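So the chains spell out like this:
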Amino acid sequence: MTTHDRRKWDFRSRFRAGAFGWRSQPAIKRVKEAVSEIRKAARKDPVHGAEGAVLFLEKISPALQRVDSSSGAIGSAVNNAIDALVPIIVKAPADDGMRDAWLERLWDAYNDDDIPYIELLADSWGELCVTPERASRWADDLLTGLRASWVDRRSHGYFNGTPACLSSLLAAGRCQELLDLLDTAPYTWWHYRRYGVQALAAMGRIDQALKYAEESVGLNDSPIAMARACEEILLRAGRVDEAYERFAILSNQRSSRLNMFRAIAGKYPDKEGTEILMDLIGSTPGAKGKWFATAKDLKLYDLAIKLADLSPCDPRTLNRAARDHMAAAPDFALESAVASMRWLAEGWGYEITALDIRAAFTYAMEAAGALGREEETLGRLMALVEGDGPSAVFARQAIDPLLSTGERK
């Protein structure tokens, strides 16, 4: 048999104990490079790739011990690495002896992870066991410590192997035992009780799983994680309409509204994009203008302008829309620029400058020129900036040079 762990890994020398200073960006770069190297190796030799993944997870925490983790960036990079590497380890066609050795090495690394960086590894422990029999053995080994930490509810003791034990019980198919064990927990915490949700779903008790999930969100838990679990269970069960109605919007929260729309549309391909968008708009009654960019991308220009009129919309977003649609949709470009001027004159926008105001004016007049509506549009713009508020005065002063020189495009 090939000795996979003796092959050279470029990342090995870069992840010595204390290898990185306090700056996180060099470490993040090296983490991404290591994951890329392991993925490439796994495509050619899955067992060798898995060995590299185990080696990386052993070395990562000692290497990062001096890195400033306060921003959360390095922690996110390591979590992403774990998400990428666990499937490589799981899918590798390793024999029992090799897989048992990998698990022992990973367990040692997990227990030595003081900061910690690889704590999420325990959440996938049952998956890493690969077989129900191996998962059951790990669960038996960990149960004593878990029960001891929960027996005295006043001690608030913590057992490092708790998530690994719960994950292993689930992977072993010991679902009722898992549920009974969770009933003895000293507190309600989604991070633990989510295994009970999956256990009920595995037993075919879908409605009970949903009820259990909704009752499992503790005071400091985010309901988003619960919604994602419930949505996934319903989708797997073929109850698509129920998944959409009950959990789609909460489950698919993203950093931008456009990404949120795309996430939902990707999961529910049979839903019309307009229907999804209208449901999303209805979920944010006080911030409908923030869906302007999504409506624009769907080419629902009339709806986009209506949204921009209903509630504040970022003036720079409106200016970009006006600029980009000047030739293809001049009516939309005109209304976008006028809406931008309105919100600018009312004081909306972050770190607004005179250039932003002049851009809105220029785009509006350029589109008006293409439509033969210059005089009307100029009147609309001047009416928007005629107020006495500081933002209106600033806007009026910003466009004054354009008016005095006759520059309108």
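Computed from a prediction, not measured in an experiment: that's the story for all the values here. (Residues numbered from 1 in each chain as written. Predicted model: local features only at pLDDT ≥ 70, side-chain atom pairs only at ≥ 80, totals over all residues. Heavy atoms only, no water.)

1. Some remarks on unusual backbone geometry
Of all residues except glycine, most have a negative phi; of all peptide bonds, most are trans.
Now for step 1: In this structure, Pro 116 follows Ile 115 across a cis peptide bond, with omega equal to -5°.
Now for step 2: One non-glycine residue, Val 130, lies in positive phi territory at about 75°.
Now for step 3: Unlike most non-glycine residues, Lys 299 shows phi in positive territory, near 65°.
Now for step 4: Along the chain, Lys 299 falls in the loop between helix 15 (292-297) and helix 16 (301-310). (Helix = DSSP H or I, 4+ residues; strand = E, 2+ residues; numbered from the N terminus.)

2. Quick notes on the nonpolar core
Now for step 1: Phe 56 and Trp 125 are the most contacted members of the largest nonpolar core, which has 113 residues in total.
Now for step 2: For this core, the element with the highest residue contribution is helix 3 (residues 73-91), accounting for 11 residues.
Now for step 3: The contact partners of Trp 125, leaving out residues within four places of it in the chain, are Leu 103, Leu 106, Trp 107, Trp 138, Ala 164, Ser 167 and Ser 168. (Core = buried A, V, L, I, M, F, W, Y, C linked by side-chain atoms within 4.5 Å. Buried < 20%, exposed > 50% of the residue type's maximum accessible area, 1.4 Å probe, protein only. Contact = heavy atoms within 4.5 Å.)

3. Here we look at the packing of helix 13 (residues 257-267) against helix 14 (residues 273-282)
Now for step 1: Running from N to C, helix 13 and helix 14 point in directions that differ by 130°, and their axes come no closer than 10 Å. Of the possible angle classes, the one that applies to helix 13 and helix 14 is oblique. As for the relative orientation of helix 13 and helix 14, their crossing is right-handed in sense. Judged by residue contacts, Met 260, Phe 261, Ile 264 and Ala 265 of helix 13 engage Gly 273, Ile 276, Leu 277 and Leu 280 from helix 14.
Now for step 2: Tallied by class, the residues present in the contact of helix 13 with helix 14 amount to seven nonpolar, one polar and no charged. (Axes fitted to C-alpha atoms, helices over the stretch in contact; angles between N-to-C directions. Parallel < 35°, antiparallel > 145°, perpendicular 65-115°, else oblique. Left-handed = near helix turned anticlockwise from the far one by under 90°. Nonpolar A, V, L, I, M, F, W, Y, C, P; charged D, E, K, R; others polar.)

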